Amino acid sequence: MIGLGTMGAGIVEVLAKAGHRVFGIDYDDRAVAGGRERLETSLDRAVQKGKLNPDERQAVVSRVSFGTDKAVLTGASVIIEAVSEKPELKQAVFAEIDAHAPADAILATNTSSLSITSIAAGTTRPDRVIGIHFFNPAPVQPLVEVIDTVLTDPAVIDRAMSFLQELGKRPIRCGDRAGFIVNSLLVGYLNAAVRTYADGRISREQLDAAMVEEAGYPMGPLALLDMIGIDVGHAVLVRMYDETKDRRHAPAPLLTQLLEAGLLGRKTGRGFYDYRSEESVAPV
Ligand code: 3HC
């Protein structure tokens, strides 16, 4: 697993709980420590809730090694990348994966917003590069989108589908189009929610409660944007808008302002809500 942020650490947990030996890699020791902490916090919560006993927790932890050295990729059968949604960074990471991975490995990106085809085409083995797109929180959400391209070897997709089923996930096949299936339907709704909030006639709490209590969503749209990350939501909208030119996908100005201000949601402590203290303070 390369990239140990919210999604990467969650995917490490899924893999290790299913009994796989996992190497978690990030670019420096601080990022690696952050990934380890995210994994251990999540496992501690599972122990507190009685979903995992301390021995099982220990067994999961013992299956995971962390580090910065990509040389371990020479022994990997499935490599999943979940670094930041920056095209140059993903291309650079895939160049390193390409240099180290065994010939028969599956090379997967968890990108939400970038073209799988362009990532694949930048490697010497585009037939083995696919999208494996988990949802947040990865340990909880069963759905995983599996994305092929015009370059993919069908046997790689078949192997990925079986692998994900064995993890207890519910994989679905998607083509390489902006937003794949779920985000292409979801982000227009989230963007509309930001515009509604920015009108100033309803509080964020009222807006979120309306969608939870009356529309049956598990969480409100502003809280969900804070969870998936303002930067990630914005990047998906930009790609959707570029591809469709549908005005519903032009990022709401307030979303762009939060991005520019570095208020990226839970991961930075502030977004639409403030997570730094019990008291929630509006950012705008
Ligand atoms: N890691 C591991 N487990 C977690 C977790 C996390 N980060 N967050 C919650 N959980 C577990 C809890 O332990 C609990 O497990 P239990 O039922 O076995 O005790 C269960 O999830 C429910 O959690 P809570 O009781 O604390 O809280 P909720 O019932 O409010 O559920 C939620 C929290 C699972 C986040 C739920 O609100 C939800 O499903 N929200 C919608 C999330 C969603 O839409 N995700 C997709 C976003 S789009 C995306 O990710 C794509 C990307 O490309 C943008």
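Each remark here, short or long, concerns the structure printed above.
These lines cover the structure that appears in this document, whether it is placed above or below. (Residues numbered from 1 in each chain as written. Predicted model: local features only at pLDDT ≥ 70, side-chain atom pairs only at ≥ 80, totals over all residues.)

## Some details on the pairing of strand 6 (residues 143-147)
Consideration 1: For strand 6, the tally of buried residues reaches four of five residues, placing the bulk of the element in the interior.
Consideration 2: Pairing of strand 5 (residues 129-134) with strand 6 involves four bridges; the strand directions are antiparallel. The residue bridging F134 from the neighbouring strand is V144, located in strand 6.
Consideration 3: Handedness of the β-α-β unit built from strand 6, helix 6 (residues 154-166) and strand 7 (residues 170-174) comes out right-handed. (Buried ≥ 20, exposed ≤ 12 C-beta atoms within 10 Å, placed from the backbone. Helix = DSSP H or I, 4+ residues; strand = E, 2+ residues; numbered from the N terminus. Pairing = 2+ DSSP bridges. Right-handed = clockwise from strand over helix to strand, strands pointing away.)

## Comments concerning the site of the ligand
Consideration 1: Around the ligand lies a shell of 18 residues, among which S112, F135, N136, P137 and P218 are the nearest.
Consideration 2: Mapped by element, the contributors of at least two residues to the shell around the ligand are helix 2 (29-48), helix 7 (182-198) and helix 9 (221-228).
Consideration 3: Considered class by class, the residues forming the shell around the ligand number 10 nonpolar, five polar and three charged.
Consideration 4: Split by domain, the residues of the shell around the ligand number at least three in each of domain 1 (6-174) and domain 2 (183-268). (Near = placed C-beta within 6 Å. Nonpolar A, V, L, I, M, F, W, Y, C, P; charged D, E, K, R; others polar. Domains from an automatic or database assignment.)

## Quick word on the nonpolar core
Consideration 1: Grouped together as the largest cluster of nonpolar side chains are 45 residues, with contacts concentrated most on M1, I11, V12, I79, I130 and A160.
Consideration 2: Tallying contributions element by element places helix 1 (residues 6-17) first for this core, with seven residues.
Consideration 3: Setting aside its immediate chain neighbours within four residues, I130 contacts I106, A108, I116, V146, I147, D148, T152, V156, I157 and A160.
Consideration 4: Residues A223, V232, A235 and L237 belong to the second largest nonpolar core, which totals 22 residues. (Core = buried A, V, L, I, M, F, W, Y, C linked by C-beta atoms within 7 Å. Contact = placed C-beta atoms within 7 Å.)

## A closer look at helix 7
Consideration 1: Compared with an ideal rise of 1.5 Å per residue, which puts 17 residues at 24 Å, helix 7 spans 25 Å between its outermost C-alpha atoms and is within 8% of the ideal.
Consideration 2: For helix 7, every residue scored as buried is listed here: N183, V187, N191, A193, V194 and Y197. Looking straight down helix 7, one finds that the buried residues subtend no more than 155 degrees of arc, so they occupy a single side.
Consideration 3: Looking at the buried side of helix 7, the elements it contacts are helix 8 (204-214), helix 9, helix 10 (230-244) and helix 11 (253-261).
Consideration 4: Where helix 7 terminates, the next one or two residues include G200, which has phi positive at roughly 85 degrees. (Expected span 1.5 Å × (residues − 1). Arc of directions from axis to C-beta.)

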